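Working through the structure, step by step
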Amino acid sequence: MIHSHVLWSVFKRNVLSFFSGMLGYLFIIVFVVAGSFAAFDDSFFINGECTLDLLTQWFPVLLLFIVPAITMSAWSDEKKLGTDELLFTLPGTDFDILIGKYLAVLFTYTVVLSFSFSHAIVLDVIGNPDWGVLLPTYLGYWSAGAALLAIGMFASVLTTSSTVAFVLAAAFCCVPVYIDTFPGVSLLKDWLNFYEPLSIGGHLRDFSLGMVPVFGLAYFAMLTVFFLYLNAVFIARRHWGGSPRGVSYGWQFTVRVASLVVMLIAFGYMTAKASNRLNLTADFTAEKLYTLAETTRVTLQNVPESRPIQIDAYVSQEIPEEYQQIRKNIEGVLRQIERTSGNRVKIRITETPIGSKEADEAAEWGITTNYRTVEQSGRRDSIPMILGAVVRSGFDEVVIPFFDKGTPIEYEFTRSIGTLTREKRKTIGILQTKHSPMGDFSDDQSGRRRVEWRIVDELRKQYIVKSVSAKVPIEGGIDVLIATQPSTLATTEEIRNLTDYIRGGNPVLMIDDSWAQNLPLDDFPGWESGFPLDDVARQKKDAYRALMRTIGIAASPTLVLFDTHNPHLSRQEFAPEIAFLTDDQLSDKEEPCINRESLISSPFREVVVMFSGVFTRDPAANLDFVPLLRSRQQTTGVHELDELYRTNDEDVFGLINSFSIYDKDKNLTLTREELSTHPEFQQFLPMFPRIDLNRDNTLSMLELRRTFRRPLVDANRIPAPAVSDSQRESRTKAQNDFIIAAQVKSKRPQGVNVIFMSDIDFIADDVFQAWETQYFDFPIDNILFFLNCVDSLMDNDEYYELRGRYREPRKIEWIERERSKYLEEYQETLRAMRKEQAAELQGANARFFERQEEIRVDNRLDPRTKEALLKKTVQEETARYQREQQRLAREAERVVNDAKNRSTERIRAVQDFTRTWALLLPPIPAILVGLMVIGWRLLAEYRAVSKDRMVKR
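Residues numbered from 1 in each chain as written. Predicted model: local features only at pLDDT ≥ 70, side-chain atom pairs only at ≥ 80, totals over all residues. Heavy atoms only, no water.

1. Notes on the overall build of the protein chain
Per the secondary structure count, the protein chain includes 31 helices and 25 strands. Buried residues in the protein chain amount to 52% of all 953 residues. Of the contacts made within the protein chain by residues no fewer than 6 positions apart, 76% connect residues no fewer than 24 positions apart. Summed over all atoms, the accessible surface of the protein chain reaches about 45400 Å², with 55% contributed by carbon and sulfur. (Helix = DSSP H or I, 4+ residues; strand = E, 2+ residues; numbered from the N terminus. Buried < 20%, exposed > 50% of the residue type's maximum accessible area, 1.4 Å probe, protein only. Contact = heavy atoms within 4.5 Å. Areas by Shrake-Rupley, 256 points an atom, 1.4 Å probe, with all protein chains shown as cover.)

2. Things to note about the packing of aromatic side chains
Under the criterion given, the structure shown has 23 aromatic pairs. These aromatic residues form a ring-pair network of at least three members: Phe-31, Phe-59, Phe-117, Trp-131, Tyr-138 and Tyr-141. Directly above the aromatic system of Trp-75 lies the positively charged group of Lys-101, at a separation of 5.2 Å from the ring centroid. (Phe/Tyr/Trp six-rings, centres within 6.5 Å; stacked < 30°, edge-to-face > 60°. Lys NZ or Arg CZ within 6 Å of the ring centre and 35° of its normal.)

3. Comments concerning the sheet that holds strand 4 (residues 345-351)
The four strands lie next to each other as 4-3-7-8, forming an open sheet whose pairing is mixed. At either margin of the open sheet sits one strand with a lone partner, and together these are strand 4 and strand 8 (396-400). With direction set aside, neighbouring strand axes in the sheet form an average angle of 15°. By the bridge criterion, five bridges tie strand 7 (residues 387-393) to strand 8 in an arrangement that is antiparallel. By the bridge assignment for strand 8, Val-391 is matched with Val-398. (Pairing = 2+ DSSP bridges. Axes fitted to C-alpha atoms, helices over the stretch in contact; angles between N-to-C directions.)

4. A look at unusual backbone geometry
Positive phi, normally seen in glycine, also occurs at Phe-611, with a value near 50°. Within the secondary structure, Phe-611 sits in the loop between strand 16 (607-610) and strand 17 (615-617). On the basis of relative accessible area, Phe-611 is assigned to the buried category, the value being 12%.

5. Looking at empty space enclosed by the protein
The tally for this structure, following the rule as stated, stands at two cavities of 30 Å³ or more. Space inside the largest cavity adds up to approximately 200 Å³. In terms of lining residues, the largest cavity is bounded by 20 residues, among which Thr-51, Asp-130, Val-133, Ser-208 and Arg-807 are the most central. For the lining of the largest cavity, the secondary structure elements donating two or more residues are helix 4 (53-71), helix 9 (131-157) and helix 16 (321-341). The residue makeup of the lining of the largest cavity, split by class, is seven nonpolar, six polar and seven charged. (1 Å grid on protein atoms, 1.4 Å probe; cavity = no way out; pocket = protein on both sides within 12 Å on 5 of 7 lines; lining within 4 Å. Points joined across faces, edges and corners; volume = space filled by probe spheres on them. Nonpolar A, V, L, I, M, F, W, Y, C, P; charged D, E, K, R; others polar.)

6. Some remarks on the side chain of Asp-130
Position of Asp-130 relative to the elements: it lies in the loop between helix 8 (118-126) and helix 9. Ignoring any residue separated from it by four or fewer positions in sequence, one finds Asp-130 in contact with Thr-285, Ala-286, Glu-287 and Arg-810.

7. Quick word on helix 26 (residues 765-773)
Every buried residue belonging to helix 26 is among Val-767, Phe-768, Ala-770, Trp-771, Glu-772 and Thr-773, and all of these are buried. Taken from the residues just after helix 26, Gln-774 is the one with a positive phi, measuring 50°.

8. Concerning a nonpolar patch on the surface
Residues Phe-913, Trp-917, Leu-920, Leu-921, Ile-924 and Leu-928 make up a contiguous nonpolar surface patch of roughly 540 Å² in combined accessible area. Among the secondary structure elements, Trp-917 is positioned in helix 30 (residues 863-920). By relative accessible area, Trp-917 is classed as partly exposed at 37%. (Patch = residues over 30% accessible without salt bridge, like charges linked within 9 Å, V, L, I, M, F, W, Y side chains within 5 Å. Salt bridge = Lys/Arg side-chain N within 4 Å of Asp/Glu carboxyl O.)

9. Let's talk about the packing of helix 9 against helix 13 (residues 214-235)
Two elements in contact, helix 9 and helix 13, have axes whose closest approach is 9 Å; the angle formed by their N-to-C orientations is 15°. The orientation of helix 9 relative to helix 13 falls into the category roughly parallel. As for the relative orientation of helix 9 and helix 13, their crossing is left-handed in sense. Along the contact surface, helix 9 presents Gly-140, Ser-143, Ala-144, Ala-146, Ala-147, Ala-150, Ile-151, Met-153, Phe-154 and Val-157, while helix 13 presents Leu-217, Phe-220, Leu-223, Thr-224, Phe-227, Leu-228, Leu-230, Asn-231, Phe-234 and Ile-235. Of the residues in the contact of helix 9 with helix 13, the class split is 16 nonpolar, four polar and no charged. (Parallel < 35°, antiparallel > 145°, perpendicular 65-115°, else oblique. Left-handed = near helix turned anticlockwise from the far one by under 90°.)

10. Topic: the nonpolar core
Among the nonpolar cores identified, the biggest contains 91 residues, and Phe-59, Trp-75 and Ile-200 are the most heavily contacted of them. Here this core takes 13 residues from helix 9, the largest share from any one element. Dropping the residues within four chain positions of it, Trp-75 is found in contact with Leu-87, Phe-88, Ile-97, Leu-98, Lys-101, Met-153, Ser-156, Val-157, Asn-231 and Ile-235. (Core = buried A, V, L, I, M, F, W, Y, C linked by side-chain atoms within 4.5 Å.)

11. Here's the deal with the state of the cysteines
Counting across every chain of the model gives zero disulfides. In this structure Cys-174 is not part of a disulfide, and its nearest cysteine sulfur, from Cys-173, lies 7.5 Å away. For Cys-174, a relative accessible area of 28% puts it in the partly exposed group. (Disulfide = S-S within 2.5 Å.)

12. Quick look at the pattern of salt bridges
According to the stated counting rule, one finds 22 salt bridges in the structure shown. With a shortest N-O distance of 3.6 Å, Glu-331 and Arg-205 are connected by a salt bridge. Linking Glu-331 in helix 16 with Arg-205 in helix 12 (residues 200-208), this pair joins segments that are 126 residues apart in sequence. Sharing partners across several salt bridges, the network here consists of Arg-205, Arg-327, Glu-331 and Glu-351.

13. Observations concerning the environment of Val-465
Position of Val-465 among the secondary structure elements: in strand 10 (residues 464-468). On the accessibility criterion, Val-465 (13% relative accessible area) is buried. Leaving out residues up to four positions away in the same chain, Val-465 has contacts with Ile-428, Ile-430, Met-438, Val-456, Leu-459 and Arg-460.

14. Observations concerning the confidence of the model for the protein chain
Predicted confidence across the protein chain gives a mean pLDDT of 77, with 76% of residues reaching 70 or more. Every residue in residues 442-448 is under pLDDT 50, and counting partners more than four places away or in other chains gives seven contacts. Counting contacts from residues 646-670, a segment whose pLDDT is below 50, to residues more than four positions away or on other chains yields 68 contacts. (pLDDT = per-residue confidence, 0-100.)

15. Here we look at the pairing of strand 12 (residues 507-511)
Counted residue by residue, strand 12 has five buried out of five residues, so it is predominantly covered. In strand 12, alternate side chains face the same way, and those of Pro-507, Leu-509 and Ile-511 on one face and Val-508 and Met-510 on the other are all buried. Bridge count between strand 11 (residues 480-484) and strand 12: four bridges; the pairing is parallel. When the bridges of strand 12 are listed, Leu-481 appears paired with Val-508. Note that the unit made of strand 11, helix 20 (residues 492-503) and strand 12 has a crossover that is right-handed. In terms of strand pairing, strand 12 meets strand 25 (residues 753-757) through five bridges, oriented parallel. By the bridge assignment for strand 25, Pro-507 is matched with Asn-753. (Right-handed = clockwise from strand over helix to strand, strands pointing away.)

16. Description of the packing of helix 15 (residues 294-301) against helix 18 (residues 409-421)
Running from N to C, helix 15 and helix 18 cross one another at 30°; their axes reach a closest spacing of 10 Å. Looking at the two axes, helix 15 sits roughly parallel to helix 18. Relative to helix 18, the crossing made by helix 15 is left-handed. Contacts between helix 15 and helix 18 involve Thr-295, Thr-296, Thr-299 and Leu-300 from the first element and Glu-410, Thr-414, Ile-417 and Gly-418 from the second. Split by residue class, the contact of helix 15 with helix 18 holds two nonpolar, five polar and one charged.

17. Details of the side chain of Ser-612
Tracing the backbone shows Ser-612 in the loop between strand 16 and strand 17. Relative accessible area serves as the criterion here: at 1%, Ser-612 is assigned to the buried category. In terms of polar contacts, Ser-612 uses its side chain to reach the backbone carbonyl oxygen of Ser-758, at 3.4 Å. The contact partners of Ser-612, leaving out residues within four places of it in the chain, are Asp-513, Leu-559, Val-560, Leu-561, Ile-740, Ser-758 and Asp-759. (Polar contact = N/O pair within 3.5 Å; in protein donor to acceptor, adjacent residues only side chain to side chain.)

In structure tokens:
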């Protein structure tokens, strides 16, 4: 029976003793300030996430300071002052006094922790934190402290010195804080098939993820119960001496303690296993990231108990802050999988230092060291990391080489498990074209095999992938056919075989891009080649048009999409032909770029298309047409493909002038024999075998200019656009609506079933890498969208939800707003500078051609003199033009660097200001409360003094 009045008296006495002096408030202030420095260090602003992950990392260490400070006088001062005997004369039991003291130190710790809650309030002021993560995090902090308080009280009961009690408490608390790092503990856990953490920090990681695991709460409760019992044993020793058999009590209580240890270990083990089997973990995250999706649960249930799955995750010991969240998500998802699967899936997470034997073991599975450039301490460094896993069952395995920023973790594990549990994988065929991702097209001129695209490896994680030829009729045995650039098929027969395959009701994912088409385009605007097509070319073109009519697509093979709106203020240097399709709509009247009503596209945030072609629905086709990706209307337009090339006029005119031939109306004709024998043409000879000749075996001036044209996009700089801003503006006023990807199906069963896309770069290796690394923190979902398209044609919708599960970034909005303002100023400076430089370069180019024209129309000069002057003019003006370009490039670099430096300095000033207030604000409440209490005490003392005893002046 608990005597509440005794418990209350002990509780009140101990609480008042801590808060009655200034020392208690000093402890609080130091604790809160230390927490501020841990939570808001430089890494906090580098990551830009409103979380308490950094505080969680250091919190066990902070507990080693604050817990001994609270508990050091709990028993030691009583014994030192001799009040312990008086205390035990109260009309209550030892248990009443013990619980009263424990509740007192727990209340004190709760008050101390509540002052540190100001860290969460600071996060809410400067950003948009997930309170579903913050509240479980603080529950973990409180539970961990409650367990260690019992340990601290046990240290206090052993001595009469508060200082010794402080040191002993810190030493005893180090055991549960660092136990997972003790030698032999990992081997013991492997032997017991027990993979739950034993350390305080290990359990805090679960709480900091936004989860409340039952075993975590049970672990803290067991620590508390065990050390409170030790407290009870030691305060009861005063009774042992009065018994004739007092010596025997020591052995008796030793056996009791040992029995309690065994019981708690057994209880903890059973609780951990039951928690895993019954999934006794609450997920409070806003996105429910650690609540396994229904697809994952069904997949785990389908794992046969006779063939269990083994997942070995290899994780580097030292992970940069940018990748800490990925590591946390891997551990969180794996724990949930193990808890849900019972004995069907066994998990092993291995700390893998670079160059260790664990790293060698990972390398045997194909999990190698990856280098990622991250920002640390104000510098960008290339850091080696191992973050991979192998999922295996029997002799079959699926390897996940690296979990990068764009990798959906639950999806990767679920797909791997599902792949291993299926008796037979479905088959994807990839059509052999000039741009096949399989890399199986052999260039007739080079004879080299092309490199396989990375998307093929991604498909192999789920399907059997094989190459398919259209030289013969395409047969069955393929569940989905992927046809990239069918316009580059070599013969008419191959195009017709593909058309027949589609008409047979077979599902096909087709990608055909304006940039890579290899069709004769004589009758398309802007591409007049100046000669009629022969019968073979005409038949190929007719066959391709028939293919387009079959799938209900009206394509525009000479048009390239551009979008003048870039939603990423921090990266405005991209050419408008690189379009970011997001929900960032400029008008409520516009259709969204990503179709939110289709299961294929609805889960995704953003995709990027680069120099994409466009198409519309064929009005004559009687097919269901569902746009999946479309352009914005107010900022979108199209170019003729030829406009996007810059002609290297120096090379062209140098070649022309060497023949003394020039015709302003582009009627120049040169035979191949003339070109191949001319000494100045030898360096350009490799370019010409890929150019179609006229029927009289000559090259037109247009074809000659195309030979020397340069792409608009330059890897090292952004040249003046071939298409002017005014042209773009005039082309966007029409509010065009262009389709980039669409699903086309027949209204009848076994009819056309095609998904058509108009951008081959959509799945290129560069985009694949951008998706993996989330390039510049862009949420690019191209690869996941493509996989959804494949699964849709497979009639497999189980992974749609998993591919679209994201953790919403919790940004520091205060800083982001300031960053956006400064970036807008920076981009405005950049645009003005580029416009001015483009005008200067156009003027230099105009003077160049005016000088040439003056020489050509000067009738006083004979042909030989004209040729010499023209050649000299080309050389002089070219050199002058190049010097002007170099000068402007240097000036542009200086202006850009100055603007960028000013923007960076302003952003850094905002970060410093934010950090200063994040450090100063949290201790203010504790300081104010402490001053109020001290003032109240002084005032009370003043009032208690008799007026007769006051000094009279």
